[in-house]
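# Survey of secondary and tertiary structure
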Amino acid sequence: MDTSAIGGCAPEAAICARGVTRDFTSGQQVITVLHGIDVDIQPGELTFVVGESGSGKTTLISIMCGILWPTKGDIRVFGTDIYDLSDTDLVNFRLENIGFIFQQYNLIPSIDAASNAAVPLIAKGMDRIEAREKAKLMLEKLNILDQADKLPSQLSGGQQQRVAIARALVHEPRLVVCDEPTAALDANSGRRVMDLLREVAVAEDRACIIVTHDNRVFDLADRILVLEDGKITHDGTDMPDGH
Ligand SMILES: Nc1ncnc2c1ncn2[C@@H]1O[C@H](COP(=O)(O)OP(=O)(O)OP(=O)(O)O)[C@@H](O)[C@H]1O
């Protein structure tokens, strides 16, 4: 495998980020939100990204999952330099390899929960009936099979979040990226979702990155990265002292 494009990338890394910088323009002002992030995410690990509001967590994971271009720097996901791909190849790469759960669930309002959860399978060409059946198995694991025929508007916030989680996991992607996946859930449902993320997303050839403020689940992390003002200030198996 060619590792020349990104310095020091282990071929087995799930994600290798080098010098990742992201600027946003607001009026005349340019704000640098990420300052040259270098990090490797290992397969088989549940990695948490924590940090104050505005520290750049969502920006970082959006870049890692191929939906937000870095201003500078490189990202390699399972050996592919994703921002060197054409737009079509990047869409296909995401479809094949990445599941994401964002704070906005982005469910399609006109189709029911099972069809929403089946979207990645249908996009990959699976027959609709088969895709719905597979999606229902995931809804069952998330304890909301009884909501399968309901429209998103008929579901509570926590139920909608679980449909979004089912949609992210249904095609068994190698990389799962989640922004606050337990935010709308009670403690038991939150644990259940974390167990499922571990079960589905963490295997030798897979990885899962979770942005969370939820200290109820910190003990489940294999690795915790703390982001402060767009820089990684802590990288360890636990939270830094005093947190
Ligand atoms: N599209 C954008 N245009 C301008 N500024 C942006 C944009 N997206 C993010 N920002 C700014 O970048 C900074 C980091 O945002 P980001 O959402 O990555 O932080 P975060 O750590 O995920 O915060 P939170 O925990 O509140 O979700 C913030 O100051 C935010 O206002």
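Here, the structure is the one placed above.
A brief structural summary. (Residues numbered from 1 in each chain as written. Predicted model: local features only at pLDDT ≥ 70, side-chain atom pairs only at ≥ 80, totals over all residues.)

### Here we look at the sheet that holds strand 4 (residues 72-77)
Going by this rule: In this analysis, strands are considered paired if DSSP registers two or more bridges between them. We count a stretch as a helix when DSSP gives it H or I for four or more residues in a row; a strand needs E for two or more, and each element gets its number in order from the N terminus. Residue pairs qualify as contacts under a 7 Å threshold applied to their C-beta atoms, which are placed from the backbone. Each axis is a line fitted through C-alpha atoms, taken for helices only over the stretch in contact, and angles between the N-to-C directions span 0 to 180 degrees.
Taking strand neighbours across the sheet as the criterion, the 4 strands line up as 2-1-4-5 in an open arrangement whose pairing is antiparallel. One side of each edge strand has no neighbouring strand; the edge strands of this open sheet are strand 2 (29-41) and strand 5 (80-81). The sheet contact formed by strand 4 and strand 5 spans 2 bridges and is antiparallel. Residue pairing for strand 5: Arg76 is matched across the bridge by Asp81. Strands in contact with helix 1 (residues 57-64) are strand 1 (15-26), strand 2 and strand 4; relative to strand 1, the strand with the most contacts, it is inclined by about 125 degrees.

### What about the sheet that holds strand 6 (residues 98-101)?
Spatially, 6 strands are ordered 6-7-8-3-9-10 in an open sheet, and the strand pairing comes out mixed. Each edge of the open sheet is held by one strand with a lone partner, namely strand 6 and strand 10 (231-236). The average undirected angle you get between the axes of adjacent strands in this sheet is 15 degrees. Relative to strand 8 (residues 207-211), strand 7 (residues 175-179) is paired through 5 bridges, and the arrangement is parallel. Bridge pairing links Val176 to Cys208 in strand 8. Here helix 1 sits on the sheet in contact with strand 3 (46-50), strand 7, strand 8 and strand 9 (223-228), set at roughly 155 degrees to strand 8.

### Quick notes on the nonpolar core
Side chains of a nonpolar character, in soluble globular proteins, are inclined to be buried together. Put simply, the rule is: For the purposes of this analysis, a nonpolar core is taken to be any set of buried Ala, Val, Leu, Ile, Met, Phe, Trp, Tyr and Cys residues that are connected through C-beta atoms within 7 Å. Burial is judged by counting other C-beta atoms within 10 Å of a residue's own C-beta: 20 or more means buried, 12 or fewer means exposed, and anything between counts as partly exposed, with every C-beta placed from the backbone.
Core analysis: the biggest nonpolar cluster contains 68 residues, and Ile15, Met64, Ala117, Ala135, Ala166 and Val177 have the highest contact counts within it. When residues of this core are assigned to their parent elements, the largest contribution, 6 residues, is made by helix 5 (residues 157-169). If near-sequence neighbours (up to four positions away) are discounted, Ala135 is found in contact with Ala114, Ala117, Ala118, Leu121, Ala166 and Val170.

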